[in-house]
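Listed here are the chains, written in short residue letters.
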Amino acid sequence: RLTFDLTGLPPTINEIDDFIDDTSPLAYERLVDRLLASPAYGQRWGQHWLDVVRFAESEGFEYDRHHASAWRYRDYVVDSLNDDKPYDQFVQEQIAGDELATAAMTRGVTRDDLRDELVAAGFHRLGPVRRNAGNTDVAFSRNEVLTERTNIIGAAFLGLTLGCARCHDHMYDPIPQKDYYRLQAFLAATFEYNIPLAPDHIQADWKAKSDAVDADIARIKAARENASPEELEKLQAELQAADLRRPDPLPEIFTVRNDFKKQTPIHLLERGEENKQGELLGMRPPAVLLVKAAADLPASKRNRPKTELARWLISPENPMTARVMVN
């Protein structure tokens with residue numbers, strides 16, 4: 001049972017025999033230590049965290065865009081468990097890894113030494129993302145992204161289904177709608193960002209090949225508009241062949257970064273609809289979880305908003321984070 005619990009695998013016959021033959025009073029403790037030291041431990045228990053945070057290698061919805069580098073986040077989680085990383089560090093790296101890396105680089109630390117932090121911030125890229133062709137409704141899409149990112153912070157770290165408070169005051173928990181958007185405001189400047197790892201000349205070569213494929217596909221699709229049924233069959237085969245010529249994705253870090261010039265103003269939204277904006281709100285954790293009343297985050301602390309959120313999440317004055325993880 002212990003082997004199943006810690007590794008998800010049955011013990012081998014030899015392992016069973018070794019345990020039965022070990023007459024030491026420390027036999028069980030030694031077994032626990034051996035299983036915790038196994039790489040299978042992180043793989044087994046990392047799966048639980050990956051399920052909670054909706055890890056996937058594609059985005060879902062119509063386009064279901066594939067993220068070829070999402071596996072780096074998966075490995076980060078597994079390695080963190082196998083390395084016995086402190087939970088407060090685990091939380092901070094995922095919530096604010098991009099800000100931690102930016103701050104460290106100003107002190108002369110190289111980006112290669114900050115890969116864990118940058119990969120961990122890919123936490124904000126998980127979950128379904130609806131892509132609109134041509135970005136026909138940018139405000140709607142942005143609101144959906146911010147909603148996903150806010151809701152998972154509540155579910156993963158606070159054990160709360162905050163999503164209900166997006167549209168109205170929470171019926172069963174003392175979380176008003178304003179507090180939902182105050183929490184969302186910590187993420188208002190966070191945008192997708194992929195960091196290429198290939199040298200510049202490799203990137204240029206890849207872009208040239210990809211652009212050639214895109215041009216070929218555009219030509220074929222244009223030709224289909226006035227094609228006969230016989231020609232359509234031939235063009236469909238050409239389209240599939242062109243798509244197969246697309247070069248494999250280059251290695252990159254799947255992460256986020258702040259862009260304060262594009263920061264989304266966070267309003268109280270009537271029924272959660274982005275076109276029904278009410279009061280403009282600042283950053284603050286939910287009041288019911290604060291030890292004492294607090295105002296919105298002052299301007300002097302808004303340059304690293306997710307770091308401030310992470311500090312609150314791991315603060316000794318906030319017992320929710322640890323209790324949720326234990327549960």
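Residues numbered from 1 in each chain as written. Predicted model: local features only at pLDDT ≥ 70, side-chain atom pairs only at ≥ 80, totals over all residues. Heavy atoms only, no water.

Peer 1: Hey, could you go over the overall build of the chain for me, with residue numbers and the actual values?
Peer 2: Looking only at helices and strands, the chain features 13 helices and four strands. Across its three principal directions, the C-alpha atoms of the chain cover 80 × 60 × 45 Å. Classification of the 327 residues of the chain by burial places 39% in the buried group. Within the chain, contacts between residues separated by at least 24 positions form 70% of all contacts whose residues are at least 6 apart in sequence. Just so you have it, the chain exposes about 18,700 Å², and 54% of that area is on carbon and sulfur atoms. (Helix = DSSP H or I, 4+ residues; strand = E, 2+ residues; numbered from the N terminus. Buried < 20%, exposed > 50% of the residue type's maximum accessible area, 1.4 Å probe, protein only. Contact = heavy atoms within 4.5 Å. Areas by Shrake-Rupley, 256 points an atom, 1.4 Å probe, with all protein chains shown as cover.)

Peer 1: For the packing of aromatic side chains, give the residues involved together with the corresponding values.
Peer 2: Per the counting criterion, the structure on display carries nine aromatic pairs. Considering the side-chain rings of Tyr-76 and Phe-90, the 5.9 Å spacing of their centres and the 10° angle between planes classify their relative orientation as stacked. Highlighted residues: Tyr-76 in helix H5 (residues 71–82) and Phe-90 in helix H6 (residues 87–105), separated in sequence by 14 residues. Taken as a pair, Tyr-76 and Phe-90 share a single burial class, namely buried. Three or more aromatic residues joined by ring pairs form one cluster here, namely Trp-49, Phe-55, Tyr-73, Tyr-76, Tyr-87, Phe-90, Phe-123 and Phe-157. Sitting over the ring of Tyr-193, Arg-257 keeps its end group 3.9 Å from the ring centre. Over the aromatic face of Phe-191 sits the side chain of Lys-262, whose NZ or CZ is 4.7 Å from the ring centroid. (Phe/Tyr/Trp six-rings, centres within 6.5 Å; stacked < 30°, edge-to-face > 60°. Lys NZ or Arg CZ within 6 Å of the ring centre and 35° of its normal.)

Peer 1: Would you mind going over the packing of helix H8 (residues 138–158) against helix H9 (residues 177–184) in detail, with residue names and values included?
Peer 2: In contact at an axis separation of 9 Å, H8 and H9 are set at 100° when each is read in the N-to-C sense. Considering the angle they form, H8 stands roughly perpendicular to H9. In this structure, H8 contributes Leu-146, Thr-147, Thr-150 and Asn-151 to the contact, and H9 contributes Tyr-180, Leu-183 and Gln-184. Tallied by class, the residues present in the contact of H8 with H9 amount to three nonpolar, four polar and no charged. (Axes fitted to C-alpha atoms, helices over the stretch in contact; angles between N-to-C directions. Parallel < 35°, antiparallel > 145°, perpendicular 65-115°, else oblique. Nonpolar A, V, L, I, M, F, W, Y, C, P; charged D, E, K, R; others polar.)

Peer 1: Could you give me a rundown of the pattern of salt bridges, with the residues and numbers involved?
Peer 2: With the rule as written, the count across this model stands at 25 salt bridges. One salt bridge connects Asp-243 with Arg-246, and the closest N-O pair in it is separated by 3.6 Å. You can call Asp-243 partly exposed: its relative accessible area is 44%. The network of salt bridges with common partners includes Asp-179, Arg-182, Arg-284 and Asp-296. (Salt bridge = Lys/Arg side-chain N within 4 Å of Asp/Glu carboxyl O.)

Peer 1: Requested: an account of a nonpolar patch on the surface, with residues and values cited.
Peer 2: Together, Ile-13, Ile-16, Phe-19, Ile-20 and Tyr-28 give the surface a local cluster of nonpolar side chains, amounting to about 510 Å² of exposed area. Top element by residues in the nonpolar patch is helix H2 (residues 13–21). It accounts for four residues. By the secondary structure assignment, Ile-20 is in helix H2. We classify Ile-20 as exposed; its relative accessible area is 57%. (Patch = residues over 30% accessible without salt bridge, like charges linked within 9 Å, V, L, I, M, F, W, Y side chains within 5 Å.)

Peer 1: Report on the packing of helix H10 (residues 200–224) against helix H11 (residues 229–244), specifying residues and quantitative values.
Peer 2: Packed helix pairs are characterised by how far apart their axes lie and by the angle those axes make with each other. The interhelical angle for the contact between H10 and H11, taken along N-to-C directions, is 165°, at an axis separation of 10 Å. The pairing of H10 with H11 is recorded here as roughly antiparallel in orientation. As for how H10 packs across H11, the hand of that crossing is left-handed. Contact residues: Val-213, Asp-216, Ile-217, Arg-219, Ile-220, Lys-221, Ala-223 and Arg-224 in H10; Leu-232, Leu-235, Gln-236, Glu-238, Leu-239, Ala-242 and Asp-243 in H11. When the residues that make up the contact of H10 with H11 are grouped by side-chain class, the tally is eight nonpolar, one polar and six charged. (Left-handed = near helix turned anticlockwise from the far one by under 90°.)

Peer 1: Pulling in residues and values, what's your account of H10?
Peer 2: Relative to the 36 Å expected for 25 residues at 1.5 Å per residue, H10 spans 36 Å between its end C-alpha atoms, a close match to the ideal helical length. Within the sequence span of H10, burial applies to Ser-210, Val-213, Asp-216, Ile-217 and Ile-220. On its buried side, H10 packs onto H11. (Expected span 1.5 Å × (residues − 1).)

Peer 1: For the side chain of Ser-210, give the residues involved together with the corresponding values.
Peer 2: Tracing the chain through its elements places Ser-210 in helix H10. Taking the relative accessible area as the measure of exposure, Ser-210 reaches 7% and is therefore buried. Excluding residues that lie within four positions of it along the chain, Ser-210 makes contacts with Arg-246 and Pro-247.

Peer 1: Outline unusual backbone geometry, listing residues and values.
Peer 2: Negative phi is the rule for most residues except glycine; trans is the rule for most peptide bonds. For Arg-54, which is not glycine, the phi torsion reads 65° and is therefore positive. Tracing the backbone through its elements, the reader meets Arg-54 in the loop between helix H4 (39–52) and H5. According to the relative accessible area criterion, Arg-54 is partly exposed, its value standing at 23%. Even without being glycine, Arg-271 reaches a positive phi, approximately 55°. Positionally, Arg-271 belongs in the loop between strand E3 (267–269) and strand E4 (277–280).

Purely spatial values, then, with no claim about function.
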